[in-house]
Amino acid sequence: MNFVDDTTGTSLAWMCEEETTTAAMRVLWTWIETYGIPQVLYCDRKTVYVTDREPTAAEILAGDEPLTAFGQACKKLGIRIMAAHSPQAKGRVERDHAVYQDRLVKELALRGITTVAGANMLLEGGFVAHLNAKFAKPPVDRLDGHRPLSGDVALRDVFVFEA
């Protein structure tokens, strides 16, 4: 899983067995704790992020759109989800994936790391910070597009599965 700030190119990565709702929530939680709440997430159309199901009667009456559990968490935080229609539309994150596929794979092999837990220790142990130091750029505008997490918001209450 990989998040990339479109303005600076700063990334945050976490190795997971699969791209699941829980994994996406975990990476977004970490991003928020590190950088703040983003205004928009540009993601693919995977059902972790968006749904194409018809709204329920209750959603219609409330004027709500159908949301995934991840989408519900984003809505609570005021994060808009924009779904791309092609991998090419997500150019920056796809280019960032190429860097990880090249450099991370080589580093894992050099260190003999063969587990997801080992990969995450490497990522959190400075690998991502090194890539950010090398490739991230300062923003043109000093105004940060992230909002700070309000003290009255507990992420453990946001990133939940609701019935």
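For clarity, every value in this text was computed on a predicted model and none was experimentally measured.

Trainee: Lay out the overall build of the protein with the relevant residues and their values.
Mentor: For the protein, the helix and strand inventory stands at six helices and four strands. Along the protein, helices (α) and strands (β) appear in the sequence β-β-α-β-α-α-β-α-α-α when read from the amino end. Against the 2.2 N^0.38 benchmark of 15 Å for 163 residues, the protein shows a C-alpha radius of gyration of 17 Å, consistent with a compact globule. Along the longest, intermediate and shortest principal axes, the C-alpha atoms of the protein span 55 × 35 × 35 Å. Sorting the 163 residues of the protein into buried and exposed places 37% on the buried side. Within the protein, contacts between residues separated by at least 24 positions form 69% of all contacts whose residues are at least 6 apart in sequence.

Trainee: Kindly report on the packing of helix H4 (residues 91-111) against helix H5 (residues 116-135), identifying the contributing residues and their values.
Mentor: In the contact formed by H4 and H5, the axes pass within 12 Å of each other and the chain directions differ by 135°. With respect to each other, H4 and H5 are oriented oblique. Read as a crossing pair, H4 and H5 show a hand that is right-handed. Residues Val99, Tyr100, Arg103, Leu104, Glu107, Leu108 and Arg111 of H4 form the contact with H5, whose participating residues are Ala119, Leu122, Leu123, Phe127, Val128, Leu131, Lys134 and Phe135. Tallied by class, residues from the contact of H4 with H5 come to eleven nonpolar, no polar and four charged.

Trainee: Which residues make up H4, and what values go with them?
Mentor: Across its 21 residues, H4 extends 30 Å between first and last C-alpha, which sits within 8% of the 30 Å expected from 1.5 Å per residue. For H4, every residue scored as buried is listed here: Gly91, Val93, Asp96, Tyr100, Leu104 and Leu108. Just beyond H4, the residue with positive phi is Gly112, at close to 70°.

Definitions and limits used
- Residues numbered from 1 in each chain as written.
- Predicted model: local features only at pLDDT ≥ 70, side-chain atom pairs only at ≥ 80, totals over all residues.
- Heavy atoms only, no water.
- Helix = DSSP H or I, 4+ residues; strand = E, 2+ residues; numbered from the N terminus.
- Rg over C-alpha atoms; globule rule 2.2 N^0.38 Å.
- Buried < 20%, exposed > 50% of the residue type's maximum accessible area, 1.4 Å probe, protein only.
- Contact = heavy atoms within 4.5 Å.
- Axes fitted to C-alpha atoms, helices over the stretch in contact; angles between N-to-C directions.
- Parallel < 35°, antiparallel > 145°, perpendicular 65-115°, else oblique.
- Left-handed = near helix turned anticlockwise from the far one by under 90°.
- Nonpolar A, V, L, I, M, F, W, Y, C, P; charged D, E, K, R; others polar.
- Expected span 1.5 Å × (residues − 1).

Function cannot be inferred from these measures alone, as they are strictly geometric.
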